[in-house]
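# Summary of structural features
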Amino acid sequence: KQEVTQIPAALSVPEGENLVLNCSFTDSAIYNLQWFRQDPGKGLTSLLLIQSSQREQTSGRLNASLDKSSGRSTLYIAASQPGDSATYLCAVSNDYKLSFGAGTTVTVRA
Amino acid sequence: GAGVSQSPSNKVTEKGKDVELRCDPISGHTALYWYRQSLGQGLEFLIYFQGNSAPDKSGLPSDRFSAERTGGSVSTLTIQRTQQEDSAVYLCASSTGQVSGNTIYFGEGSWLTVV
């Protein structure tokens, strides 16, 4: 059974600092890995999708890396802003099913 | 619509009543998923549809839970004889169904409270 772990569970940083969020998974036979953002009381918004053959994906201030062999992914958010405050979840895909981590709740202080 | 639509957005029900939660996926998406998110917990997979078929129902927590999908589009998740432990956010998602390029889009969720 795929187990996904996210560390840390919560993170508070001052505005402008770079964020580093970690995700690890136990079964490396994945199709892809996705990072999502969840705002309080809302659904999930897909941020980045990394295929199993890729090493990283970038979108604006966001960069996600994938090391499938070691079962790790890292989401970097550059120059954080208060609007980046949310819970960030990673999910790995084994065929059609996504297995989620519990998330990292980020607070960016103005 | 442009995104995945779920209704009701909020539902308060008495213990023992049945509830139906509806999901309208993105047009053309063949794959549809139901997940449950309990307070302070991660997302728990419930069921997956490909078209109208449900090849994986393994996540349904008990026989009080059932789901169907008609016309390859709208899906309904039914919870019979609700219990307090059923209180959670029920999230629906859809995707094109192509495995490797499988960006998945979530609705805003149906917040269920059983009192």
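For the structure itself, look to the data block above.
This report concerns the structure included in the present document. (Residues numbered from 1 in each chain as written. Chains lettered and ligands numbered in written order. Predicted model: local features only at pLDDT ≥ 70, side-chain atom pairs only at ≥ 80, totals over all residues. Heavy atoms only, no water.)

## Quick look at the overall build of chain B
Stated formally: Runs of H or I in DSSP of at least four residues are treated as helices and runs of E of at least two as strands, each being numbered from the N terminus. Type-normalised accessible area, obtained with a 1.4 Å probe on protein chains alone, sets the label of each residue: buried when under 20%, exposed when over 50%, and partly exposed for intermediate values. We call two residues in contact when some of their heavy atoms are within 4.5 Å. Reported accessibility uses the Shrake-Rupley method at a 1.4 Å probe radius. Residues are deemed covered only where the shown protein chains occlude them. Working convention for charge: Lys and Arg count positive, Asp and Glu count negative, and His plus the chain ends are omitted. The atoms used to mark charge sites are NZ of Lys, CZ of Arg, CG of Asp and CD of Glu.
Across its full length, chain B holds zero helices and 11 strands. Counted from the first residue to the last, chain B has its helices and strands arranged as β-β-β-β-β-β-β-β-β-β-β. Along the first, second and third principal axes, the C-alpha atoms of chain B reach 40 × 25 × 25 Å. For chain B, the residues scored as buried account for 45% of the 115 residues in total. Here the analysis covers contacts within chain B between residues at least 6 apart in sequence; of these, 53% occur between residues at least 24 apart. With an accessible surface of roughly 5400 Å², chain B has 44% of that area assigned to carbon and sulfur atoms. Here chain B holds 9 positive side-chain charges and 11 negative ones, and the gap between their average locations is 3 Å.

## Side note on the pairing of strand β11 (residues 104–109) of chain A
Residues in a regular strand project their side chains so that they alternate between the two faces of the sheet. All names here are of chain A. Note the threshold: In this analysis, strands are considered paired if DSSP registers two or more bridges between them.
Burial along β11 is one-sided: T104, V106 and V108 are buried, while T105, T107 and R109, pointing the other way, are not. Two strands pair when backbone bridges link them, and strand β9 (residues 86–94) and β11 are joined in this way by three bridges, in the antiparallel orientation. Opposite Y88, over in β11, you have T104 as the bridge partner.

## Some points on the sheet that holds strand β8 (residues 75–79) of chain B
Residues and elements named next belong to chain B. Heads up, the rule is: Axis definition: a line fitted to C-alpha atoms, over the contacting stretch in the case of helices. Angles run 0 to 180 degrees between N-to-C directions.
Sheet architecture is open: four strands sit in the order β1-β3-β8-β7, paired in antiparallel fashion. A strand with exactly one partner marks an edge of an open sheet, and here the two such strands are β1 (5–7) and β7 (65–69). Between one strand axis and the next, the sheet turns through 15° on average, direction left out of account. Taken together, the five bridges between β7 and β8 define a ladder with antiparallel strand orientation. Of the residues in β8, the one forming a bridge with A67 is L77.

## Topic: the pattern of salt bridges
As a reminder, the rule being used: Whenever a carboxyl oxygen of Asp or Glu lies within 4 Å of a side-chain nitrogen of Lys or Arg, that contact is scored as a salt bridge.
One pass over the structure, following the stated rule, counts six salt bridges over all chains. In this structure, K42(A) and E108(B) form a salt bridge, with 3.6 Å as the shortest nitrogen-oxygen distance. Here K42(A) is found in the loop between β4 (32–38) and β5 (44–51), whereas its partner E108(B) is found in the loop between β10 (105–106) and β11 (110–114) on a different chain. Under the relative-accessibility criterion, E108(B) is labelled partly exposed at 45%. For the salt bridge of R61(A) with D84(A), the shortest nitrogen-to-oxygen distance reads 2.9 Å. Here D84(A) lies in the loop between β8 (72–77) and β9 and R61(A) lies in the loop between β6 (56–59) and β7 (62–67), a separation of 23 residues in the sequence. The class of R61(A) is partly exposed, set by a relative accessible area of 29%.

Such coordinate-based values are descriptive only and should not be taken to indicate function.
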